[in-house]
Amino acid sequence: MSGKKLFFILFLCVILTSCQNTHKEEQKASIRIGISLYRGDDTFINNICSVVEEKAKEYERENGIKVILDIQDAKGNQNTQNNQVERFISLDCDVLCINPVDRMDASVIIDRAMTAEVPVVFFNRQPVEEDMNRWDRLYYIGVDAKETAVFQGKMIVDLYQKRPEAVDRNGDGVVSYVILEGETSHQDSLIRTEWSIQTLKNGGVPIEKIAGGIANWERSQASALMEQWIHAYPDTIELVVSNNDDMALGAIDALERAGIDGMNVVGIDGTTPGLEALENGKLLGTVSANKEIYGSAIMELAASCALEKELPEEYPLENGTYYWTPQEILIHED
Ligand code: GAL
C-alpha cells in the first residue's frame, strides 16, 4: 500500500472515530446520580430529598434523559459515607450529591472524587473553605445561616414593636428565653444561635437568657431539655428560640405535657410537621427555606455536571461554587 493511501485510511479512521464520539455524547440517554444523606431520618433532609426525587422525574420528562438516583443513608457515620462514595464511583456515577456526615472531614470524599474525576455537589452541611477550594468541580448548595438567624430574630423584634405584651408576657420588662441548639460542629447551629440573639438585642428587645442546650436537631432530645427547664424555672420562660423546627416541636411536646399553653416558640426550616404546627398555632413562627428551589438547584446542578453543560441562569453560583437558597419568614396569624 502506498504511503498516500495509508495516510488517507488513517485520516478516515480518525474522522469516523471522532464522529462516533460526538454521536455518543449527543446520545447520553441517562445520567446516574449518587446521593448520600448524613442521616435519612432527619426531617428537613427528608423534605429536601423528596423534592430532589420529584425534580428528577420532572427532568426526565422535560429533557428525555433518564435520571437514575441512587440514594443512600450514611446513618451518621463518616466511614459508611466514604464507602458509599467508593461504591458510587465503582458504579460509574456521573456526579455525587453529598450531605456530609462530618463537614470538617470531607477530604476523603474529595480525594476519591478528584481521582475518579466525578464532580461533587455538597449540600446542607458546608465543607470548610479549604476543602471546597481544592477543585473547581466541587459545589455547595445551602441556605445563608446568618440570613436565617436574622429573619428568626426579626420575627420577634417585629412582634415586640407591635405588641410588646405578646412577647414580654409577664410584663416585667424583660423577655426570659431559652435556646435549643443543633449539633455543635454544624455551621448552622453556631451562626443561628449567635445571630438570632444578636438581632433581638439590636432590635431593642430586652432579653435575658434562662437556659440553653444542645439537642442535636432532634425532637426527643429537645423535649427532654425543655422538660428539665420547665421544672427548674417554673413560670419563668416566655420565649423558646430553636435552631430548627424539630427541636421547637420537641419543646412544644414538653410544654403540652406540662399543661402550659400559649408559649412563644420559634423554629427554622419550614418542615412539613413544622408548617402543620404553625398552621394550628402551636408554633409562633419559622424561617422556611424554599424547598422547591433547594431541591431543583440540587437536581439542575447535578444534571449540568453530569452532562457537562452550563448551569441554568436562575441558579447563580457565588464564586462559581456556592448556591444560596432563598428563604422567608412564616408567622402564625390569628
Ligand atoms: C439544618 C436544619 C436542621 C438539620 C440540619 C442537618 O440546616 O435546620 O433541621 O436538618 O441542617 O444538617
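Procedures and definitions
Starting from 1, residues in each chain are numbered consecutively following that chain's sequence as written. Given that this is a predicted model, residues contribute local features only at a pLDDT of at least 70 and side-chain atom pairs are listed and counted only at 80 or more, while totals for whole chains, interfaces and linings are drawn from all residues. Each side-chain value is derived from all of the structure's non-hydrogen atoms; neither hydrogens nor water enter the calculation. What counts as a helix is a DSSP run of H or I of at least four residues, what counts as a strand is a run of E of at least two, and both are numbered from the N terminus. Working rule for contacts: check all heavy atoms of both residues, and any pair within 4.5 Å makes them a contact. Each polar contact in these results corresponds to two N or O atoms within 3.5 Å; when the atoms are within protein, one needs to be able to donate a hydrogen and the other to accept it, and residues that are neighboring in sequence are counted only if both atoms are side-chain atoms. Using a 1.4 Å probe on the protein chains alone, a residue whose accessible area is under 20% of its type maximum counts as buried, one over 50% counts as exposed, and one in between counts as partly exposed. Domain start and stop points were drawn from an automatic or database domain assignment. We define buried area as the total accessible area lost by two parts upon association, computed with a 1.4 Å probe and summed across both. Any Lys or Arg side-chain nitrogen found within 4 Å of a carboxyl oxygen on Asp or Glu counts as a salt bridge. One requirement defines pairing of two strands: DSSP has to find at least two bridges between them. Working convention: axes come from line fits to C-alpha atoms, limited for helices to the stretch in contact. Angles between N-to-C directions cover 0 to 180 degrees.

Relative to the elements of secondary structure, Arg112 occurs in helix α4 (residues 107-116). The spacing of Arg112 and Glu130 is 18 residues in sequence and 17 Å in space, taken between C-alpha atoms. Aside from chain neighbours lying at most four places away, what touches Arg112 is Val85, Glu86 and Ile89. At 3.0 Å, the side chain of Arg112 and the side chain of Glu86 are in polar contact.

What follows is about the environment of Asn79. The topology assignment puts Asn79 in helix α3 (residues 78-90). For Asn79, a relative accessible area of 54% gives the class exposed. Along the backbone, Asn79 and Val101 are 22 residues apart, and their C-alpha atoms lie at a distance of 9.2 Å.

With that settled, the discussion passes to the domain arrangement of the protein chain. If you check the domain split of the protein chain, you get domain 1 (27-142 + 291-325) and domain 2 (145-289). For domain 1 versus domain 2, the separation of C-alpha centres amounts to 31 Å. Summed over both partners, the interface of domain 1 with domain 2 comes to about 1100 Å²; 40% of that surface belongs to carbon and sulfur atoms. Among the ionic pairs, Glu218 bridges to Arg39, the shortest N-O distance being 3.0 Å. Those elements giving two or more residues to the side of domain 1 that touches domain 2 turn out to be α2 (43-63) and α12 (291-307). Ranked by residue count, the leading element in the side of domain 1 that touches domain 2 is α2, at three residues.

Right, let's get into the environment of Val174. Mapped onto the fold, Val174 is located in the loop between α7 (164-167) and β6 (175-181). Look at Val174 and you get partly exposed, because its relative accessible area is 26%. Along the primary structure Val174 and Asn319 are separated by 145 residues, whereas in three dimensions their C-alpha atoms are 43 Å apart. Discounting residues that sit within four places of it in the chain, Val174 has contacts with Asp168, Pro206, Ile207, Glu208 and Glu238.

Okay, the sheet that holds strand β5 (residues 138-142) next. Across the sheet, which stays open at both edges, the six strands sit in the order β2-β1-β3-β4-β5-β11 with parallel pairing between neighbours. Two strands bound the open sheet, and with one partner strand each, they are β2 (66-73) and β11 (322-324). In this sheet, adjacent strand axes meet at a mean angle of 20 degrees when their direction is disregarded. As paired elements, strand β3 (residues 95-98) and strand β4 (residues 120-123) share three bridges and run parallel to each other. When the sheet's bridge partners are listed, Cys97 is paired in β4 with Val121. Against the sheet, α12 contacts β1 (30-37), β2, β3, β4, β5 and β11, and its axis sits at roughly 170 degrees relative to β5.

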